[in-house]
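Structure at a glance
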Amino acid sequence: MRAGTVIMGALTLLLASTAHADDGYRLWLRAPASATAATATATAPAPASATVSLLGGSATLRLAADELARALPAGVAVTVATGADPSLAALRLPFARLGDEGYLVRRVTLHGQPTLLVAGNTDRGALYGAFALLRHLATGGTAADASLVSAPKVKLRVLNHWDNLDGTVERGYAGTSLWDWWSLPDLKDPRYVDYARANASIGINGTVLNNVNAKADSLTPRYIEKAAALADVFRPWGIKVYLSARFSAPIELGGLKTADPRDPAVAAWWKAKADEIYRAIPDFGGFLVKANSEGQPGPRDYGASHADGANMLAAAVRPHGGIVMWRAFVYADTDPEDRAKQAYTEFKPLDGTFADNVLVQVKNGAIDFQPREPFHPLFGAMPKTPLVMEFQVTKEYLGFATHLAYLGPLFEETLAARTGRGRETVASVVDGSSEGHRLTGMAGVANIGRDRDWSGSTFNQANWYVFGRMAWDPTLAAQPIAREWAQQTFGTDRRVVDTAVAMMMGSREAVVDYTGAFGLAHLMATGHHYGPGPWVDDLKRPEWNPVYYHKADRDGIGFDRTRTGSNAVAQYAPPVARRFADPRTTPERDLLWFHHVGWDRRMASGRTLWEDLVAHYDRGVAYVGDMRRQWDGVRAAVDAERWEKTATDLAVQEREARWWRDASLAYWMSVNGRALPAGAAAPEHDLAWYKAQHFAYVPGHHD
Ligand code: GCV
């Protein structure tokens, strides 16, 4: 056999049987079923080792081999390699299809010996292959039937951490920031490795370390050194580090009088800053920028365009192969126009003017990560510009960490939406296949913090997981991903897996129902966004007030975005615009997003809108009750710690779902003067009581 390293795997990690307590730290990365079964009892003999051979010597390949050695069942022979290895040439394997990051897993004969080959064109590809093999084994596959091939459809699969340098996390509900900025770069918390490993296992290859509401300090030498320490930890796992850049940094750090992107001194400052960063982090990914949005500085402060700003930064990172992700989440306090229209109005005319290392990052919907939004009209409207899809994995508007809401269906619904341009879908815009873009991206606002279980609950881990899987392939469906996550997270007990998946699949719709169905949006309390506040009408910017969004009055409810209103529908391609312009062809789930309609409007159910709205509130609350009962049914089959925590969260969710329902109905009744339909329960309190609820120290929000 050709010289290569052979690792005898020792099953040292993992291995808790379901009967034992489990704090959720291991996420979905647990021993495959066969290994778990072999060690489930204390009396079981020590398992024999798998044999893992390594063709090549990079740190990344060694990590791949270690993963397999730790978790593969005894008796399996595996070879981890890159396609460049000459001994593979004769095998005629489809390496050409794999690109930089794809993998294949095949049974082959190498040097006369049968072996399971895990390989990619690069070591990163091989690492992804190792994790894919482990996933295959943990979801019912065997080493004998392992034949896998896959390449990511999206190039940049990036987490956005809204983590502040003081350790708080904007919209973070899983404890403080994972990054201990104070002790970095000296102290490298072992959690940084575990974080990178978890990301690599689902194909995430980039992380923006700091909040888009950025401080210039993150660009100082002191913080660059800290970021570099993290980059060193993440590199072998195929993960690049990016930073959110504060546009006014040349003023704040450089002492310049302006941050005007057209000023040569400003461009020179950024160029020098980029050079400095790349000296510390040679594979630095680039910058993410929130400009001229919610008080952040930007090129518009100087009359320059977003493209001027983005291209200036892009020029600074270009010599190093860096990129700029420029966010389209803009709306201005001076603009009386429908907030849902403003990003399109600002960015659409800039299509074709961005440098080729700029991507424009667009939230999934035109307002702000609501439980349901129609897809953002910019998708499909900027064919010359690569658009990054930005999803919010942390659930700012879907019950924080407490509520069980699996976001797979939300992601799938958005990605599968047809833009109205031929057969184009949002997914085909994002993965570049629609226009032939090679630079493509998907971003997820992370739900990760220092909580022992990383995401604030076991089921929230599924949202991190599904983001990674759909960033790898935006055409994947939410249901099978829920299933593979549940199998890896809870083990192979079919009843537990079926129950978890059943709970998950309707859970996001339940949140839509109990917070406001039919396209209602932005009904939450002010600032911290915890709980209902549809009555709020006194905030200084009109578009901060829930009443701006629902426009409920005695006769009807909903935002008229047709020609008689803001005409936001016209921002969609004609076939979609036509569908949304007519309440009869608008999907009911989006009705009140696009139309102001009467309370007595007859809905598909045969009920009036008012009756149906009430029914949806009740359905949402009932779904949570059902989840509680289902979870009760698997109590004996799930470890006590994760079961208890989930059961407690579900009890809180049921209470809060009722709160949302009751407070909302009390308010709607005060507006429309109607009685509840027969049989519907009256709100527990009067409207004044709900309005009087105030909360301080709410996580994720820092005044
Ligand atoms: C990082 C919403 C959130 C803000 C967030 C902003 C954004 O407005 O409430 O916390 O700021 O979106 O995406 O920039």
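Residues numbered from 1 in each chain as written. Predicted model: local features only at pLDDT ≥ 70, side-chain atom pairs only at ≥ 80, totals over all residues. Heavy atoms only, no water.

**A closer look at the overall build of the chain**
If you tally the helices and strands in the chain, you get 21 helices and 16 strands. Projecting the C-alpha coordinates of the chain onto the three principal axes gives extents of approximately 80 × 65 × 50 Å. In the chain, buried positions account for 62% of the 703 residues. When contacts within the chain are restricted to residue pairs at least 6 apart in sequence, long-range pairs at least 24 apart make up 72% of them. When the accessible surface of the chain is split by element, carbon and sulfur atoms take 52% of a total near 25,700 Å². The averaged location of the 77 negative side-chain charges in the chain is 5 Å from the averaged location of its 75 positive side-chain charges. (Helix = DSSP H or I, 4+ residues; strand = E, 2+ residues; numbered from the N terminus. Buried < 20%, exposed > 50% of the residue type's maximum accessible area, 1.4 Å probe, protein only. Contact = heavy atoms within 4.5 Å. Areas by Shrake-Rupley, 256 points an atom, 1.4 Å probe, with all protein chains shown as cover. Lys, Arg positive; Asp, Glu negative; His and termini not counted. Charge placed at Lys NZ, Arg CZ, Asp CG, Glu CD.)

**Some points on the nonpolar core**
With 221 residues, the main nonpolar core has Phe234, Trp270, Trp464 and Trp668 as its most contacted residues. Among the elements that make up this core, the one with the highest residue count is helix H20 (residues 640-672) (13 residues). If we skip the residues at most four places from it in the chain, Trp270 touches Leu219, Ala245, Arg246, Phe247, Ala249, Pro250, Phe287, Met312, Leu313 and Ala316. In terms of nonpolar packing, the next biggest core, distinct from the first, is built from 11 residues, Ala81, Leu98, Leu110 and Leu117 among them. (Core = buried A, V, L, I, M, F, W, Y, C linked by side-chain atoms within 4.5 Å.)

**A look at the pattern of salt bridges**
A pair can form between side chains of opposite charge whenever their charged atoms are brought close. Scanning the model with the defined rule gives 47 salt bridges in all. Put simply, Arg661 and Asp662 hold a salt bridge, and the shortest N to O gap is 2.7 Å. You can call Arg661 buried: its relative accessible area is 4%. Here the salt bridges share partners, and the residues they tie into one network are Arg372, Glu413, Arg508, Glu509, Arg589 and Asp590. (Salt bridge = Lys/Arg side-chain N within 4 Å of Asp/Glu carboxyl O.)

**Notes on the site of the ligand**
Around the ligand, the surrounding shell holds 15 residues, and the nearest of these are Glu170, Lys290, Arg327, Lys363 and Glu396. Between the ligand and Glu170 there is a distance of 2.4 Å, counted from an oxygen atom to a side-chain nitrogen or oxygen. At a separation of 2.6 Å, an oxygen atom of the ligand approaches a polar side-chain atom of Lys363. Its residues assigned to classes, the shell around the ligand comprises four nonpolar, three polar and eight charged. (Near = heavy atom within 4 Å. Polar contact = N/O pair within 3.5 Å; in protein donor to acceptor, adjacent residues only side chain to side chain. Nonpolar A, V, L, I, M, F, W, Y, C, P; charged D, E, K, R; others polar.)

**With respect to the confidence of the model for the chain**
Put simply, the chain has an average pLDDT of 94, and 94% of its residues get 70 or more. Confidence over residues 9-19 falls short of pLDDT 50; this stretch has 29 contacts with residues more than four positions distant or in other chains. Predicted confidence is poor over residues 32-46, with pLDDT under 50, and the contacts of this stretch with residues over four places away or in other chains come to 19 contacts. (pLDDT = per-residue confidence, 0-100.)

**What about the pairing of strand S3 (residues 77-82)?**
Of all six residues in S3, five are buried; the element is thus mostly enclosed. In terms of strand pairing, strand S2 (residues 51-55) meets S3 through five bridges, oriented parallel. The partner of Thr51 across the bridge, within S3, is Ala77. The handedness of the S2 to S3 crossover, carried by helix H2 (residues 59-71), is left-handed. Here S3 runs beside strand S5 (residues 113-120); their pairing, made up of five bridges, is parallel. Residue pairing in the sheet places Val78 in a bridge with Leu116 of S5. (Pairing = 2+ DSSP bridges. Right-handed = clockwise from strand over helix to strand, strands pointing away.)

**A look at helix H4 (residues 190-201)**
With 12 residues, H4 ought to run about 16 Å at 1.5 Å a step, and its terminal C-alpha atoms sit 17 Å apart, in line with that. By the criterion of burial, H4 is predominantly enclosed, with nine of the 12 residues buried. The set of residues buried in H4 consists of Arg191, Tyr192, Tyr195, Ala196, Arg197, Ala198, Asn199, Ala200 and Ser201. Of the residues that open H4, the one with a side-chain oxygen 2.8 Å from the backbone nitrogen of Arg191 is Asp189. After H4 finishes, the residue Gly203 shows a positive phi value of roughly 85 degrees. (Expected span 1.5 Å × (residues − 1).)

**Looking at the environment of Thr526**
Looking at where Thr526 falls in the secondary structure, it is placed in the loop between helix H15 (507-515) and helix H16 (546-550). Here Thr526 falls in the partly exposed class, since its relative accessible area comes to 37%. C-alpha separation for the pair Thr526 and Val536, spaced 10 residues apart in sequence, amounts to 7.7 Å. For Thr526, the residues in contact, after removing those within four places along its chain, are Val536 and Leu539.

**Re helix H8 (residues 306-317)**
Relative to the 16 Å expected for 12 residues at 1.5 Å per residue, H8 spans 17 Å between its end C-alpha atoms, a close match to the ideal helical length. Along H8, the residues classified as buried are His306, Ala307, Gly309, Ala310, Met312, Leu313, Ala314, Ala316 and Val317. Buried residues along H8 sit in contact with helix H7 (264-280), strand S10 (286-289), strand S11 (323-327), helix H9 (339-347) and strand S12 (358-363).

**Some thoughts on the side chain of Thr115**
One can find Thr115 in strand S5. Residue Thr115 is classed as buried on the basis of its relative accessible area of 6%. A distance of 2.9 Å separates the side chain of Thr115 from the side chain of Thr79, its partner in a polar contact. What Thr115 contacts, discounting residues up to four positions off in sequence, is Ala77, Val78, Thr79, Arg106, Arg107, Val108 and Leu110.

**A short note on the sheet that holds strand S14 (residues 441-445)**
Reading around the barrel, the eight strands line up as S7-S8-S9-S10-S11-S12-S13-S14 and close back on themselves, with parallel pairing between neighbours. Each strand of the sheet is rotated relative to its neighbour by a mean of 25 degrees, with strand direction disregarded. Both strand S9 (residues 240-244) and S10 contribute to a ladder of three bridges, which runs parallel. Its bridge partner being in S10, Tyr242 is matched across the sheet by Gly286. (Axes fitted to C-alpha atoms, helices over the stretch in contact; angles between N-to-C directions.)

**A look at the packing of aromatic side chains**
Taken as a whole and assessed by the stated rule, the structure comprises 42 aromatic pairs. Here the aromatic rings of Trp179 and Tyr195 are separated by 5.1 Å at their centres, their planes lie at 90 degrees, and the arrangement is edge-to-face. Pair noted here: Trp179 is in the loop between strand S7 (156-160) and H4 and Tyr195 is in helix H4, with a separation of 16 residues, a long-range link. Summarising the aromatic geometry, the rings of Trp485 and Phe490 are spaced 5.7 Å apart at their centres and angled 85 degrees between planes, so their arrangement reads as edge-to-face. Of the two residues examined, Trp485 and Phe490, each falls in the buried class. Counting every residue linked through ring pairs, the aromatic cluster contains Tyr25, Trp28, Trp179, Tyr192, Tyr195, Phe234, Trp454, Trp464 and Tyr465. One cation-aromatic arrangement involves Arg191 over Trp454; the distance from NZ or CZ to the ring centre is 4.0 Å. Here the guanidinium or amino end of Arg561 rests over the ring plane of Trp593, the centre of that ring lying 5.0 Å away. (Phe/Tyr/Trp six-rings, centres within 6.5 Å; stacked < 30°, edge-to-face > 60°. Lys NZ or Arg CZ within 6 Å of the ring centre and 35° of its normal.)

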